[in-house]
Amino acid sequence: MEKKELEKKTRLFLALILGAWIILFLRLGFLQLVKTDEYRTLARQNHLRLTRLSAPRGEIFDRNGVRIVSNRPVYTISLTNLGLKESAQVVNYLAELLQGEKSFQGKTKEQIKAEIQAKINKFTKNKDVKEKFSPGEPIKIARDITPQTIFKIEELRYQLPGVVVDVEPERQYPYGDLLVPVVGYIGEINELELTAHKDEGYYLKDLIGKEGLEKFYEAYLRGTPGARQVEVDALGRPVRDLGIKEAVPGNNLFLTIDARLQRLTQDALAQGIKRALTAGYFEARAGAAVALSVYSGEILALVSYPAYDPNIFVGGIREKDWIEVNKNKALINRALSRYPPGSTFKMVTATAALESKKITGTYALNCTGYYKYKKDWKPGGHGLIDLRKAFQVSCDVFFWTLGVFTGPEKMAYYAREYGLGEKTGVDLPGEEAGRVPNPAQKYEKWQKELVRIQKEIDDLKQGNQGSRGKLADLEQKKSKIEWELKWREYDTLDMAIGQGDNYYSPLQLANYLAAIINGGTVYHPYLVKKIVTPDGKILQKIDSQEVRKVNASPQTLKIIREGLHLVTLPPAGTAAGIFAGTSYKAGAKTGTAEVHGHDNHALILAFAPYEKPEIAVAVIIEYGGKGSGVAGPVARQILDGYFDLAKTKLALSPKEAGQSRD
Amino acid sequence: MFNKRLYKSLDHTLLGTTIILIFFSLIMIGSASLEYTPSSLQQFENLNIFLRLLHLDYTYFNKQILWIFLGFGFMALMVYVPYEDIIKQARFLYVLNLFMLIMVLFIGHTALGAQRWIQIGPLTFQPSEFAKLLIIITFAAFLAKREGRLNGWLGLGPCFLYVGLPFIVILKQPDLGTSLVLIAIMFGMLFFAGAKPAHLLALLGIGIIFITGIFMVHTYLHQTQDNLEKQILTMQSKEKIISQVGGKDEAKEKNALSRPEAYSTKLIALKEKYRAISEYHQLFHRYTLKEYQMNRLIIFLNPQKDILGAGYHIWQSLIAVGSGGLAGKGFLEGTQSHFTFLPIRHTDFIFSVVGEELGFLGALFLLSLYFIILYRGTKIIIHARDNEGVLLAGGIVTMFAFHVFVNVGMTIGIMPVTGIPLPLFSYGGSNIIMNLAALGLLLNIYTRRKKIIF
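Conventions used here
Residues numbered from 1 in each chain as written. Chains lettered and ligands numbered in written order. Predicted model: local features only at pLDDT ≥ 70, side-chain atom pairs only at ≥ 80, totals over all residues. Pairing = 2+ DSSP bridges. Helix = DSSP H or I, 4+ residues; strand = E, 2+ residues; numbered from the N terminus. Axes fitted to C-alpha atoms, helices over the stretch in contact; angles between N-to-C directions. Parallel < 35°, antiparallel > 145°, perpendicular 65-115°, else oblique. Left-handed = near helix turned anticlockwise from the far one by under 90°. Contact = placed C-beta atoms within 7 Å. Nonpolar A, V, L, I, M, F, W, Y, C, P; charged D, E, K, R; others polar. Core = buried A, V, L, I, M, F, W, Y, C linked by C-beta atoms within 7 Å. Buried ≥ 20, exposed ≤ 12 C-beta atoms within 10 Å, placed from the backbone.

(A) How the structure looks around the sheet that holds strand 8 (residues 226-232) of chain A. Residue and element names in this part refer to chain A. Sheet architecture is open: three strands sit in the order 1-8-9, paired in antiparallel fashion. Because the sheet does not close on itself, it has two edges, and the strands there are strand 1 (48-53) and strand 9 (238-245). Taking the axes of each pair of neighbouring strands and ignoring which way they run, one obtains an average angle of 25 degrees across the sheet.

Now the structure itself:
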C-alpha cells in the first residue's frame, strides 16, 4: 500500500474518532453544565423521601366528658417503587402474609394478589393518574393489620423492598350510632374540596370532614400533619432517617350534648316511629327530635332518624354501604330540614293577635265547628272558648278568627321575631332556613309560574302546531295562576293554623318554644361548648348568645305559656293523656300537619317544668299521623329522662350504649 | 524473557496511558462497590475519606487486580510472539473461535437474559469478548490475501460471509452489542484494506435505512394493534351498559351505533381486523427481535416514557451524570451509585459513576486518556511494516474506539443499551485480558515497525 495513501486514510480515520469524541463532549457538557440543576433535583427526589405523618383528628366529647368520637392507631401497609421487577415477587409474599387479615377475610392468596394488583394498576396503568404519579409515592394496599403480621413483615424487611408499614390514626365510635348523623363523617378529599381548601395544605388522599361537626369544625379537628425525611435506596428501603417533624393532633370538641339524654332520645324516637308503623302509618320511617336548654340555647340532644353505623365510613366506605345509606336518606340531618309546623304555629298567631291589640287575654268566642266554609277538626265545635282554652283543645276556628283579625303580615312578622324562617346559625353545615308565608312571597312564587306558562303559550301560538285543546288547557292554567297571584282569605286561614306555605325545621321550632317560655329571648342554638387543645388548654369557649328579644310583652308570653300548660291537663288537653302522672308540671303544643296525598306529619313541642322551664323539646315523626298520638309519648320520654338523669349521675358505658341501640 | 531492546522499542506513551487508565479504573471500581445499608451508612458517616477507604468492599477490586496481572501476562505474550506467526494460524483460530462461540450456545451460562459465559473450574469467561480479537486476527489474514480485489461490489461478498458466520452465532446468544462491534471492525478493516469508502458508506446507509424500516414497520403494527384493542374494549363496555340499561335509555335512539345489530357487526369486524394484525405482529417478532429487545434499543430516544421498565437504566444513568455537574459530587459521595439507583455500575455503567463523582472534568480526563491511546494507535497503523500490520492495527483501533463511543454514549443517552463494557475500565476479566492482549498486539506491530529490523 502506498504510504501516502495510508497516511491520508489514517488522518481521515482519526478525524472520525475526533468527531465522535466531540459529540461525547458536547453531550456531557449539555448534561453536566447546562442541565445540572434539573438532574440534581431528580437525584435528590430519588434518594430523599418525604413521608407525611397524618395527625390524629381531634376527639369529640359530650358535656360530661364522655368520648363520643375518638381515634385508634391502626397499622397500614403501602407499596412504593412499583413497577420494578421485584414487585411481582413482593406482591406474592405480601398476599401470603396478609391471608386471614381483616381487610382480606376469607380470601385465598390468589384473590388477595389480584386485589392488590388491581389497586396498583389503578395508579400505574391509568394514564391520567400516571402523569401525576411519581414512583416513590406509596400506594396504600391494606389497613388495620394485626401486630403479628406487622411483626412478620418487619422480620422479612429485606425480602420485601418497597413495603412501607405506617401507623395511622383512624376514627373510632365507641357508642355506635350515638349522635349520628350530627357528628358527620370524614373521607378522602375530592377535587372540589381540594380547590376550595387550596391554601390550607391539603394533599390528595388526605382525609377531610364531609358532613356534620366533622365538616363544620374541620379547621379545628384536623391537626397539623408531620413529616419524616428518609434516605432510601433504589428499592425504597430506608437507609437513614434524616429527621422527623411530629404531627400535632387536632383540637378536641366538648359538646353541649348530654350523651345519656341523646341516647335516650334516639331510642325513644326510634320506638315512637315503630309504634306509628304498627298503628298503621306505613310511611312513618323517619323523624327528628331536638332538646334545648331553655335559658342558653345549648342543644342537649339532636336526633335524626334513621341514623347509620358510622363505622362504615372508616377506611373508605364500600359501595354497598353507600347505596344503603343513601337509600334511607340517613345522611340528612332531619332536625335541620323543614317541615310544615301544623298547630304548633298557633303561638305565633296568638302573639300577633295579642300584640296588635286585636284581642285581649280574656277574649272569647263561640265555636260552632265552622268558620265560613272551613270546618274545625272537631265536628260540632268547642263551644264558648277563650285563648287559653283554644290552645288546650287546639281549636282551629278560634285561630282562624285571630288570623283574619291580624292579617298575614303581622303573623309573618312575629314568626320571624321568634326566629322562624331564618337560619338559627347552629354550628352545623346544611341548615335550612325554612319559609314564612306572606303576600309578597306568594306573589313571587306564582309569578315565576306565570312567566313559565306564558312562555309555553307564546311558543305554542308562534309554532302554530299546537292543538286548540292544548292551548285552551294552558289558558285555563294561566287564569288559575293569575288568581293565585293575590293573597286570599283562605291563605290567611291556612297560615293561622300552620298549614299553607309554613315550613320550619324542628330545631327552629324547639328554639321558638324556648323563646316563648324563657320570657322572649331567642338564643343562638349551639352544639360545641368549648374547643380544647390536645394538651388540655382551652382554645375557645363558646358562651350562650342572644339573637334577639322578641318584640312581645311578658303578659302576652305568660298567657300563651298558661295555654300551653293547659294542653297537658285533663280533661280536654290534647296532650293530657301523654302527660298524665308526671312528677313535674309541663307545657306542650301538639301539631298534625297535613301533607297532600300522604298521612299527616305528627309533631309536638313540649317543655318542663312549667313554673321555671329548663328544657324545650320538639319531636316530629314524618307521616306519623296525629301529634298527640305518636310524637307525644316520645316527648314525654325525653322529659322524663331529662329529670331522671338530673337525679342520677350515672355515666353511660359503651356496652350499655351498644345494647340499647335500636 | 525480559528483553531490554524489546522494552526500549515499545510505545511508552501508549503503555503509560494504559497503566494510568487501569489505576483510574481500580479506584472507580472501588467506589462502585460501595452500597449503603442502614448499618454501613451509620459506620461510614463519621469517617474521613482515608478511613472510609478501609471500609470499602474490596471483592471486585481484588479480583480485578488478578485479571489485570493476567492481562499483562497476555499482553507480554502478544508483544513477544511476532505477529506474523500469529497471523499464520488464522485458519485454526477462525475455527477455534467458531467452536467456542457455538459451545456457548450449548453449555453456556445464562445471566441477565443472555447466554454468554462458559464456566471452566471456578472461572467464567466470555468467548464473545475474545471473538472480537480473533476476528481481527483472522480477518486481517483473510483481507491481506485479497489485496486489490476489494474495489468492486463482488469482492466484498466473501468478506461479509467470513465475518457473517461468527456474527450470526453471537447474535444468537443474544449479544447484540458484540455483533455490532464485529460489524464496526469489519468496516474499519475493509477501509484500511482498500475497499472504496463510497461503497462502505453506501452499505452503511442501506443498513441504517433497513433497520429504521424494520422499526417503523414494528411501530405501525404495534400501534394499530393497540388502537384496535382500545376500540374493542370501549365498544364492549358500551355494549354492556346498553344491555343493562335496556330499552328506556334515550341515548339509544340518538345514537345509531347503539342499536344492538349494527353494534355487533361492527364489533365483529373490528375483532377480525385485530386478529389479523396481531398475527402479523407475532410473525414479525419471530423473525426479527423480540418486543422487549426492540424496546430496549429505542428507549434511549425517550427514556422518560418508561422510567420504571426499559428506560430505567438510562434514566438513572442520566441523572447520575447530569447531577455530577462540573466537578462532581466527590469521590464516594455519589448518591445515585451508593444508594443503588444506578444499576450494574461496576461494569457497563461505570462511566456514570465517574460522571457523578468526578463531574465533567473527570469525564473529560477519562475520555482524553482514551483519545491518547487511540491517537497512538493511528500512529502505529501508519508505521506498520506490512499490510497485515496495518490491518491488525486498524482493526484494534476501530474496536477500541467503537467500544468507548458506544459505552459512553449509552450512559449519556445518545446510544442504545447494548451491553458493551468500557474497555480496560469496566470490571470483568474477559474485558481486561482481551483489551490488554489487543494492545499487546498493537505494541507488537509498533516494535516491528519499518526500518527497525528485529
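(B) Layout of unusual backbone geometry. All names here are of chain A. Omega for the bond connecting Val180 with Pro181 falls within 30 degrees of zero, at 5 degrees, which places this linkage in the cis form. Relative to the helices and strands, Pro181 resides in the loop between strand 5 (163-172) and strand 6 (186-188). Cis rather than trans, the peptide bond between Tyr305 and Pro306 has omega equal to 0 degrees. Positive phi is not limited to glycine here, since Lys372 has a value of about 50 degrees. With respect to the helices and strands, Lys372 occurs in the loop between strand 14 (370-371) and strand 15 (374-375).

(C) Structural detail: the packing of helix 12 (residues 346-355) of chain A against helix 14 (residues 396-406) of chain A. Residue and element names in this part refer to chain A. Their axes nearest at 9 Å, the elements helix 12 and helix 14 cross at an angle of 45 degrees. One element, helix 12, and the other, helix 14, form an angle in the oblique class. For the crossing formed where helix 12 meets helix 14, the hand is left-handed. For the pair formed by helix 12 and helix 14, the contact residues are Lys346, Thr349, Ala350, Ala352 and Ala353 on the first element and Phe399, Leu402, Gly403, Phe405 and Thr406 on the second. Of the residues that constitute the contact of helix 12 with helix 14, the class distribution is six nonpolar, three polar and one charged.

(D) Spatial organisation of the nonpolar core. Counting residues in each nonpolar core, the largest one holds 136 residues, and the members touching the most others are Val290, Ala510, Leu513, Ile615, Val617 and Val619 of chain A. The element contributing the most residues to this core is helix 19 (residues 506-517) of chain A, with nine residues. Those residues within four positions of Ala510 of chain A in sequence are excluded, and the remaining contacts are Val290, Leu292, Leu605, Ala616, Val617 and Ala618 of chain A. Within the second largest apolar cluster, 112 residues are counted, among which are Val79, Leu190, Ala310 and Val354 of chain B.

(E) Structural view of the interface of chain B and chain A. Contact residues are listed per partner, giving 40 residues for chain B and 34 residues for chain A. At the level of secondary structure, the elements contributing two or more residues to the side of chain B that touches chain A comprise helix 3 (38-45), helix 10 (176-193), helix 15 (312-324), helix 16 (335-338), helix 17 (350-383) and helix 18 (387-411) of chain B. Considering each element in turn, the side of chain B that touches chain A owes the most residues, eleven residues, to helix 17 of chain B. Looking at side-chain class alone, the side of chain B that touches chain A contains 26 nonpolar, 14 polar and no charged residues.

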